[in-house]
Amino acid sequence: MEQSVSYTLDSTLDTVDHAEQKATRIATELGFAEDEVMQISMAVREGAVNAVLHGNAYAPDKKVILAFEHTPENLVITIRDQGKGINLSNIPNPLAPENLLKTSGRGIFLMRSFMDEVEIRPSQTGTEVKMIKHVHGAAAGGKEGSQ
Amino acid sequence: MSMKLSTRQVDGVTIVDCSGRITLGEGSVMMRDTVRDLLSKGNKKIILNLGDVNYIDSSGIGELVSAFTTTKNQGGELKLLHLTKKVHDLLQITKLYTVFDVKDDEAAAVKSFK
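Right, let's walk through the structure included here.

Conventions adopted
Residues numbered from 1 in each chain as written. Chains lettered and ligands numbered in written order. Predicted model: local features only at pLDDT ≥ 70, side-chain atom pairs only at ≥ 80, totals over all residues. Core = buried A, V, L, I, M, F, W, Y, C linked by C-beta atoms within 7 Å. Buried ≥ 20, exposed ≤ 12 C-beta atoms within 10 Å, placed from the backbone. Helix = DSSP H or I, 4+ residues; strand = E, 2+ residues; numbered from the N terminus. Contact = placed C-beta atoms within 7 Å. Arc of directions from axis to C-beta. Nonpolar A, V, L, I, M, F, W, Y, C, P; charged D, E, K, R; others polar. Pairing = 2+ DSSP bridges. Axes fitted to C-alpha atoms, helices over the stretch in contact; angles between N-to-C directions.

1. Some thoughts on the nonpolar core
- Formed by 32 residues in total, the largest nonpolar core has its most connected members in I40, A43 and A48 of chain A.
- If you list the elements that add at least two residues to this core, you get helix 1 (13-29), helix 2 (34-55), strand 2 (63-70), strand 3 (74-80), helix 3 (107-114) and strand 5 (126-134) of chain A.
- It is helix 2 of chain A that contributes the most residues to this core, 9 residues altogether.
- Leave out the neighbours within four places in its chain, and A43 of chain A touches L110, M111, F114, M115 and M131 of chain A.
- Among the nonpolar cores identified, the runner-up in size contains 31 residues, and L50, L80, L83 and A109 of chain B belong to it.

2. So, helix 3 (residues 85-93) of chain B
Residues and elements named next belong to chain B.
- Among the residues of helix 3, those classed as buried are V87, L90 and L91. The buried residues of helix 3 all sit within an arc of 95° when viewed along its axis, so they share a single face. Helix 3 presents K85 and Q92 as exposed residues on the side facing more than 90 degrees away from its buried surface.
- Those residues of helix 3 that are buried lie in contact with strand 3 (45-56) and helix 2 (58-73).
- Just downstream of helix 3 lies K95, where phi reads positive at about 60°.

3. Quick look at the interface of chain A and chain B
- Taken together, the contact between chain A and chain B spans 17 residues of the former and 15 residues of the latter.
- When residues of the side of chain A that touches chain B are traced back to their parent elements, those giving at least two are helix 1, helix 2 and helix 3 of chain A.
- By residue number, the principal contributor to the side of chain A that touches chain B is helix 2 of chain A, which donates 5 residues.
- Of the residues belonging to the side of chain A that touches chain B, the class tally is 10 nonpolar, 4 polar and 3 charged.

4. Let's talk about the sheet that holds strand 3 of chain A
Residues and elements named next belong to chain A.
- The sheet built from 5 strands is open, its strands ordered 1-2-3-5-4 with antiparallel pairing. Whereas interior strands pair on both sides, the edge strands pair on one side only; in this sheet they are strand 1 (4-10) and strand 4 (117-123). Going across the sheet, the axis of each strand differs from the next one's by a mean of 10°, ignoring polarity.
- Relative to strand 5, strand 4 is paired through 7 bridges, and the arrangement is antiparallel. In the sheet register, E119 faces strand 5, and the bridge partner there is K130.
- Along the sheet face, helix 1 touches strand 1, strand 2 and strand 3 and points at about 165° away from the line of strand 1.

Right under this line is the structure:
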């Protein structure tokens, strides 16, 4: 892939699949291990679901911006929506006993589980999620990575 | 690959063979409709065979939870069979592995119903 690439996507379910496919392709091209590719693609899928459903609420006039940037140390993925901004204090812990049998609310948890760093920046004009996967071993063009 | 479901009866237990992806959209809806249809017809001993499920997202996990609780609330039992490593790992990190009754042998799973 180029050092950085950005996509502007509609607020549809197709976008969720496309985002996942792009993440899978890029992570594979960068040489991440198979299980890491799955983790990255799933984190991107969950981020895209949040952007399309909870951020933009399927609004046809609102877009999802998906960007990938790679450095020798990191793959940095940014997903931005144009919704009202997520309230981080309202996100329950899905591992709490009282939440274990809830049918939703695991997306951000999975993103945090699968990526090395996840930063969520809500604002009144949308939410930006920045996710970082560190490069290990032979990934990202064969360069030795950091921990 | 989209999701495919087929059902069969073994000794009074309904086995739902699932393949493909259980994800937001079609896959989740199919799972929900199938389990609800089974329950409405009185089939309350259900095994979801996930041996050919190669991908599941948080919506799919939510559907498994929904299927489990809906069945339980109607006096039935729902068990999971043949988890792939990916699904197994997901249920582990979400702490749902111990919530579900997970089996790896079909005959034993069928016999385990009361």
